[in-house]
Amino acid sequence: MEGIADAQPIWQAPVYDVSRKPALKYTIPSLVEAESSGNFVRCAKWCPDGSVALAQCENATLQYLDIPSSLLFDTAPNSPKTPPPFAQPSPILDFAWYPFASSANPASFCFLTSVRECPVKLLDALDGRLRASYSIVDHRERQVAPHSLAFNGTATKIYCGFEDAIEVFDTQHPGDGTRWRTTPSKKSRDGLKVTLGIISALAFSSDTSSGVFAAGSLNPSSPSSSNLAIFTEATGQVPVMFVGNDSAGSGFGIRSSISQIMFNPARPYLLYASFRRHDYIYTWDLRGDVSRPTQRFHRNSQDDPVKRAGAVETNQRLRFDVDIGGNWLSVGNKHGEISFFDLNTVQDVVQTSEGGSEIPTNKASPIYDAHNDAIGSVVFHPFKPLLLSTSGSRHFD
């Protein structure tokens, strides 16, 4: 009986009630006022412990979102005053939290950021001071800023995607890294099989023991190759497989640049990808045939013809997210709507008149009007049933 009494409660993933319109809990007023000056939030990411949210802004700053502690904690801690924005000398291309970052542990409370024409920086999340830098230098001795950043599952390595290559750094040893070429050389056909391709997205599987990660390029897929590849840390720069590759004979390919890729946190064999100027988010099951997606998700309102017209005409990244339980996918669109998709719903395959089959389309369960502008990112809180959304875009008279 003593063992039962001392047993710890079992953690459960947050439960989301999508049968009703979500309640607006809080709006960050300071950034709303800043929109009048042309500044807006491009994307926001929760700290892995869920204690704070950091936003990447148009004015080359990283800012904490001033969210009340009562929303994030059962008992409000004595949290310090929100730090001022962390200003950078050039536009910010990407940032990533240290996977074990926690505001309760100052040693781990840090994040990576990529700033144009600067080394990759590891910044202290308390005051923005530089902890370490990781240099990527091209053949002209110029600093190269990666377009995508990712820690591996154990946070021992840093992966940086840029033009035609992925640079790998040892987290504990700042300085120079190891370069993995992602274009085929004259003597080899290895690599991502695209030329002049920028690695725009990187994502590691939640199965940390596998060392599996995905890389996507801004170069659209061609009829004979794919711009989405799967790698492992053990095999290095040689891809394990290409996802959505036409060479498998299925005749399928997504002719668009990759904006974002993500593995399902609870089912690491499921890979999701969104594409530039494209209505759909696609998913592949890496356990089977990866030449065709197993499902797709329509991000825009299909009921309103006015909103549906010209809905994909934006180059802005509109980031999606999957909750920690792997049950829900959420994404915003350029009209300020947020959609939720039930990932446990299996769609039937529709046969075409030519004898082929269409990709099953998962329609949003609920769609909510949330903002008056394009939604740059939505992100689920890791431990609470909360969804953080950010909006804003460039407007020209």
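Positions within a chain are numbered from 1, following the residues in the order the chain's sequence is written. A pLDDT threshold of at least 70 governs which residues receive local features in this predicted model, and a stricter bar of 80 or more applies before side-chain atom pairs are shown or counted, although totals over entire chains, interfaces and linings include all residues. Hydrogens and water are ignored here; the side-chain numbers use all heavy atoms of the structure.

Caption draft 1: Looking closely at the pattern of salt bridges. The salt bridge definition used is simple: a Lys or Arg side-chain nitrogen within 4 Å of an Asp or Glu carboxyl oxygen. In the structure shown here, the tally under the stated rule is nine salt bridges. Here Arg-287 and Asp-285 are joined by a salt bridge, their closest N and O atoms 2.8 Å apart. In this scheme, a residue with accessible area under 20% of its type's maximum is buried, one over 50% is exposed, and one in between is partly exposed, where area comes from a 1.4 Å probe on protein chains only. You can call Arg-287 exposed: its relative accessible area is 59%.

Caption draft 2: Examining the sheet that holds strand β11 (residues 165-170) more closely. Here a strand pair is declared whenever DSSP counts at least two bridges between the two strands. Counting from the N terminus, the helices are the DSSP runs of H or I reaching at least four residues and the strands are the DSSP runs of E reaching at least two. Strand order in the open sheet made by the four strands is β9-β10-β11-β13, with antiparallel pairing throughout. Each edge of the sheet is formed by a strand with only one pairing partner; in this case those strands are β9 (148-151) and β13 (178-181). Here the strands of the sheet are splayed against their neighbours by 20° on average, with no regard to which way each runs. Relative to β13, β11 is paired through four bridges, and the arrangement is antiparallel. If you follow Glu-167 over to β13, its bridge partner there is Arg-179. All axes here are fitted lines through C-alpha atoms, helices being fitted over the stretch that makes contact, and every angle between N-to-C directions spans 0 to 180 degrees.

Caption draft 3: Representation of the pairing of strand β15 (residues 212-217). Counting buried residues along β15, six of its six residues qualify, which places the element largely inside the surrounding structure. Burial along β15 is two-sided: Val-212, Ala-214 and Gly-216 and Phe-213, Ala-215 and Ser-217, pointing in opposite directions, are all buried. Taken together, the five bridges between strand β14 (residues 199-204) and β15 define a ladder with antiparallel strand orientation. Residue Phe-204 lies in a different strand from β15, and its bridge partner there is Phe-213.

Caption draft 4: Region of the structure containing the sheet that holds strand β24 (residues 337-342). Spatially, β22-β23-β24-β26 is the arrangement adopted by the four strands of the open sheet, whose pairing is antiparallel. Looking at strand neighbours, the two that pair on one side only are β22 (320-322) and β26 (367-369), the edges of this open sheet. Pairs of neighbouring strands in the sheet enclose a mean axial angle of 15°, with direction left out of account. The sheet contact formed by β24 and β26 spans three bridges and is antiparallel. Along β26, the bridge assignment pairs Ser-339 with Ile-367.

Any functional reading would require information beyond the geometric quantities listed.
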